[in-house]
Amino acid sequence: MKREVQAVLLVLIGGAVLRISVGDEFLRYVKEGMRPWLLVSGGLLVVLGVMLLVDVLRAARHDHADSTQRHHTASAGDDPDAAHVMAPDLDDVDAFADAVPGDDDGHGHAHGGPRSAWLLLLPVLAIFLVAPPALGAYTAQREGQAVLAPATPEAPPLPAGDPVSLSLADYASRAVWDDGRTLAGRSVRMTGFATPDGDGGWWLTRLQLTCCAADAIATKIKPVPRPGGTVEPLPADAWVTVTGQWVPGGGTQSEKAIPWVQVDTLARVPAPKNPYE
């Protein structure tokens, strides 16, 4: 890859990293604590790219000055024809270089490395023009349920006051591994997005990140109606806040169990700034 191509790619990639890190777009791809490292790495890439580009421009000016000097020296000689052979015009050099195959490793064809390297700009352009959205129902439908066992055998009691706000992961852990003991008789409030369950209903869903979107795991909770009631149907990726109570069902003591929540109220809400837990 030519050095000027490397320089441009470094600047553009670093600029793209800085662009998403300054705002909140980076939260679609990595955890919030990664922002300082993204800012540092993006800044370093830009600085390295600018330094390399400056070095390339200096080298080009130096080579041009040397070629001009050789041309003038040869022109001052006794044989004008020899001068033309020794120091051809720069345009002639470029034309000759284009006509002669270069770096073909003896296979009779030139490599297209510098041209193909520009394909690396495609993800950069995607970030600048149309930033990919956060993971949602499409991913959650294809991910199995993951309710990790808590570090302690007994879950701590919930804070006082009803309804109490809980993450989906906390609710699922208490419902599955603590058999709902700390949830019984309490009113809870949770926010997530709707994921179609394949049976005409939906799961209240949230994704958790260990580091980045590549390692996202899904937590799903099944909203169930009160006796004689119904649960409002929702389209995929619709964000809602559900207030309700724990009810037994959905399986226990299993990482794949999907606990239930009996819905008291359901309200559509905008997607949060950080879509992950």
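Asks: When you look at the side chain of Arg-174 in this model, what are you seeing that I'm missing?
Replies: Inspection of the secondary structure puts Arg-174 in helix 8 (residues 168-177). Arg-174 sits in the buried class, given a relative accessible area of 6%. With near-sequence residues (within four places) excluded, Arg-174 lies in contact with Ala-155, Pro-156, Pro-157, Leu-158, Asp-179, Gly-180, Thr-182 and Leu-183.

Asks: Which parts of the structure should I look at to understand the side chain of Asp-197?
Replies: Turning to its location among the elements, Asp-197 is positioned in the loop between strand 2 (187-196) and strand 3 (202-208). At 2.8 Å, the side chain of Asp-197 forms a polar contact with the backbone nitrogen of Asp-199. A polar side-chain atom of Asp-197 sits 3.5 Å from the main-chain amide nitrogen of Gly-200. In this structure Asp-197 touches Trp-202, Trp-203 and Lys-222, once residues within four positions along its chain are discounted.

Asks: How do you make sense of the state of the cysteines when you look at a structure like this?
Replies: Covalent bonding between the sulfur atoms of two cysteines is what defines a disulfide. All told, the structure shown has 0 disulfides when counted by the stated rule. With no disulfide of its own, Cys-211 lies 4.4 Å from the sulfur of Cys-212, the closest cysteine sulfur.

Asks: Looking at this model, I keep getting lost on the pattern of salt bridges. Mind explaining?
Replies: In total, this model carries 8 salt bridges according to the counting rule given. A salt bridge links Asp-24 to Arg-35, with the nearest nitrogen and oxygen atoms 3.7 Å apart. One end of the pair, Asp-24, is in the loop between helix 1 (3-22) and helix 2 (35-75); the other, Arg-35, is in helix 2, and 11 residues separate them in sequence. For Arg-35, a relative accessible area of 23% gives the class partly exposed. Salt bridges sharing partners connect three or more residues here, namely Asp-178, Asp-179 and Arg-181.

Asks: In this structure, what is going on with helix 8? I would like to understand it.
Replies: Residues three or four positions apart in an α-helix share a direction because the helix packs 3.6 residues into each turn. Of all the 10 residues making up helix 8, 7 are buried; the element is thus mostly covered by neighbouring parts of the structure. Every buried residue of helix 8 is listed here: Leu-168, Tyr-171, Ala-172, Ser-173, Arg-174, Ala-175 and Val-176. Tucked inside the fold, the buried residues of helix 8 contact strand 2, strand 3, strand 4 (217-224), strand 5 (239-247) and strand 6 (260-268). Phi for Asp-179, located one or two positions after helix 8, is positive at around 55°.

Asks: Even after reading the chapter, I still don't get the nonpolar core, so can you show me in this structure?
Replies: Nonpolar side chains tend toward joint burial in soluble globular proteins. Residues Leu-166, Tyr-171, Leu-183, Val-188, Met-190, Trp-202 and Leu-204 are the most contacted members of the largest nonpolar core, which totals 20 residues. Listed by contribution, the elements that provide at least two residues to this core are helix 8, strand 2, strand 3, strand 5 and strand 6. In this view, Val-188 contacts Pro-163, Val-164, Leu-166, Tyr-171, Leu-183, Val-242, Thr-243, Gly-244 and Val-261; residues no more than four positions away in its chain are not counted. Residues Ala-137, Phe-193, Ala-218 and Trp-239 belong to the second largest nonpolar core, which totals 9 residues.

Asks: Any chance you could explain the pairing of strand 2 here in plain terms?
Replies: Every other side chain in a regular strand lies on the same face of the sheet, so the side chains alternate between the two faces. Burial runs high along strand 2: 7 of the 10 residues are buried. Two strands pair when backbone bridges link them, and strand 1 (residues 164-165) and strand 2 are joined in this way by 2 bridges, in the parallel orientation. Bridge pairing in strand 2 links Ser-165 to Arg-189. Between the parallel elements strand 1 and strand 2, the chain passes through helix 8 in a crossover that is right-handed.

About the criteria used
- All residue numbers refer to position in the chain's written sequence, counted from 1.
- Per-residue local features of the predicted model are confined to residues with pLDDT of at least 70, and side-chain atom pairs are confined, for both listing and counting, to 80 or more; whole-chain, interface and lining totals are unaffected and use all residues.
- Only hydrogens and water are set aside; all other atoms, that is, all heavy atoms of the structure, feed into the side-chain values.
- Numbering goes from the N terminus for both helices and strands, where a helix is a DSSP run of H or I of at least four residues and a strand is a run of E of at least two.
- Note on exposure labels: buried denotes an accessible area under 20% of the residue type's maximum, exposed denotes more than 50%, and partly exposed covers the range between, all computed with a 1.4 Å probe on protein chains only.
- Two residues form a contact once any of their heavy atoms are found within 4.5 Å.
- In the analysis that follows, any N or O atom pair within 3.5 Å is treated as a polar contact, provided that within protein one partner can donate a hydrogen and the other can accept it, and provided that, for residues neighboring in sequence, both atoms belong to side chains.
- For the purposes of this analysis, a disulfide is any pair of cysteine sulfur atoms at a distance within 2.5 Å.
- Think of a salt bridge as a Lys or Arg side-chain nitrogen and an Asp or Glu carboxyl oxygen that are within 4 Å of each other.
- What is meant by a nonpolar core is a set of buried Ala, Val, Leu, Ile, Met, Phe, Trp, Tyr and Cys residues, joined one to another through side-chain atoms within 4.5 Å.
- A pair of strands counts as paired when DSSP detects no fewer than two bridges linking them.
- Handedness of a crossover: with both strands directed away from the viewer, a clockwise path from the first strand across the helix to the second marks it as right-handed.

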